[in-house]
Amino acid sequence: MSGRQSAEERKAQIVAEVLRLADEIGPDRLSTTDVARAIGLSQPAIFRHFPTKGALWLAVAEDIADRLQSCWAAAEAGATGPHERLKALIGAQLSAISETPALPSILFSRELQVDNQALRDVFRGLLGAFQGRLVAVIRDLQAAGDLKRDVSPEDVAILLTSLVQGVAIRWTLGARGFALVPEGFRLFDVQMELLRAKEGACDA
């Protein structure tokens, strides 16, 4: 078997290296020279696969999006009942961040926020897709009488998304001094208890 990689394999290797280096040195400090050196390629070889740095970042975003959507689908498919589905979705998102520690840094990078509209569009669409999945499950919980009905499903989805983002940022800034997934689940349970419909309570 030849040791030569196909173009697709090489591109996947480059994307994986960007994610590793973005965690190690930060997305805003990362250069194509860093990526080339880490893989053992010349810088022009990187540009043969990705004509611009923006195109490289877009490929990174699309790789993240594909993996996250697969994780969400698998999480929901493996859960029974709306509460378990909701918790599985939150767990899938937390696990993905734990396994791709550069993700919070990329989301708040200059590359995303200022320099790369296409990258921003991918992540905005991804956030919308995640919240859409949450909203569908939250509606099921409200219909079953398990969650307060005087809070909009969209607002609950924003709360839960913000919970994930907040614990991920705290994990990142705190040098990952705690286990992300268990801490996220702990806070999810607190949030859900606050939103749970109490017996005998009247809906607004």
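This one's a predicted model, so the numbers in the text were calculated from it and none came from an experiment.

## Digging into the UniProt feature "DNA-binding region" (unreviewed entry) in the protein
Okay, so step 1: Within the UniProt annotation, "DNA-binding region" (unreviewed entry) is assigned to residues 31-50.
Okay, so step 2: Secondary structure content for residues 31-50 is 75% helix and 0% strand, while the C-alpha to C-alpha distance between its ends is 13 Å.

## Quick word on helix H5 (residues 82-99)
Okay, so step 1: When the terminal C-alpha atoms of H5 are compared, their 25 Å separation across 18 residues agrees well with the 26 Å that a helix rising 1.5 Å per residue should span.
Okay, so step 2: Listing the buried residues of H5 in full gives Arg85, Leu86, Leu89, Ile90, Gly91, Ala92, Gln93, Leu94, Ala96 and Ile97.
Okay, so step 3: Residues of H5 that are buried make contact with helix H4 (53-77), helix H6 (103-107), helix H8 (117-143), helix H9 (153-173) and helix H10 (180-195).

## A word on the UniProt feature "domain: HTH tetR-type" (unreviewed entry) in the protein
Okay, so step 1: Per the UniProt record, "domain: HTH tetR-type" (unreviewed entry) is annotated on residues 8-68.
Okay, so step 2: Within residues 8-68, the helical portion is 80% and the strand portion 0%, while the C-alpha atoms at the span's ends are 20 Å from each other.

## Here we look at the packing of aromatic side chains
Okay, so step 1: One pass over the structure, following the stated rule, counts 1 aromatic pair.
Okay, so step 2: With centroids separated by 5.1 Å and ring planes inclined at 35°, the aromatic side chains of tryptophan 72 and phenylalanine 130 adopt a geometry described as tilted. Placement of tryptophan 72 in helix H4 and of phenylalanine 130 in helix H8 is noted, with a sequence separation of 58 residues between them. The residues tryptophan 72 and phenylalanine 130 share a single accessibility class, namely buried.
Okay, so step 3: Across the ring face of phenylalanine 50, the terminal group of lysine 11 is positioned such that the distance to the ring centre comes to 5.7 Å.
Okay, so step 4: Stacked on the ring of tryptophan 171, the Lys or Arg arginine 176 has its end atom at 5.2 Å from the ring centre.

## Concerning the nonpolar core
Okay, so step 1: With 54 residues, the main nonpolar core has Ile64, Leu86, Leu134 and Leu160 as its most contacted residues.
Okay, so step 2: Of all the secondary-structure elements, those providing two or more residues to this core are helix H1 (7-25), helix H2 (32-39), H4, H5, H6, H8, H9 and H10.
Okay, so step 3: Ignoring any residue separated from it by four or fewer positions in sequence, one finds leucine 86 in contact with Leu134, Val137, Ile138, Leu141, Leu160, Phe188 and Met192.

## Digging into the packing of H9 against H10
Okay, so step 1: Between H9 and H10, the least distance of the axes is 10 Å, while the angle of their chain directions is 150°. Viewed along their axes, H9 and H10 adopt a mutual orientation that is roughly antiparallel. Relative to H10, H9 is oriented so that their crossing is right-handed. Each of Val156, Leu159, Leu160, Leu163, Val167, Ala168, Arg170 and Trp171 in H9 lies in contact with H10, whose residues at this interface are Leu180, Glu183, Gly184, Leu187, Phe188, Gln191, Met192 and Leu195.

The rules behind these values
- Residues numbered from 1 in each chain as written.
- Predicted model: local features only at pLDDT ≥ 70, side-chain atom pairs only at ≥ 80, totals over all residues.
- Heavy atoms only, no water.
- UniProt positions renumbered as here; feature names shortened; annotations may be inferred.
- Helix = DSSP H or I, 4+ residues; strand = E, 2+ residues; numbered from the N terminus.
- Expected span 1.5 Å × (residues − 1).
- Buried < 20%, exposed > 50% of the residue type's maximum accessible area, 1.4 Å probe, protein only.
- Contact = heavy atoms within 4.5 Å.
- Phe/Tyr/Trp six-rings, centres within 6.5 Å; stacked < 30°, edge-to-face > 60°.
- Lys NZ or Arg CZ within 6 Å of the ring centre and 35° of its normal.
- Core = buried A, V, L, I, M, F, W, Y, C linked by side-chain atoms within 4.5 Å.
- Axes fitted to C-alpha atoms, helices over the stretch in contact; angles between N-to-C directions.
- Parallel < 35°, antiparallel > 145°, perpendicular 65-115°, else oblique.
- Left-handed = near helix turned anticlockwise from the far one by under 90°.

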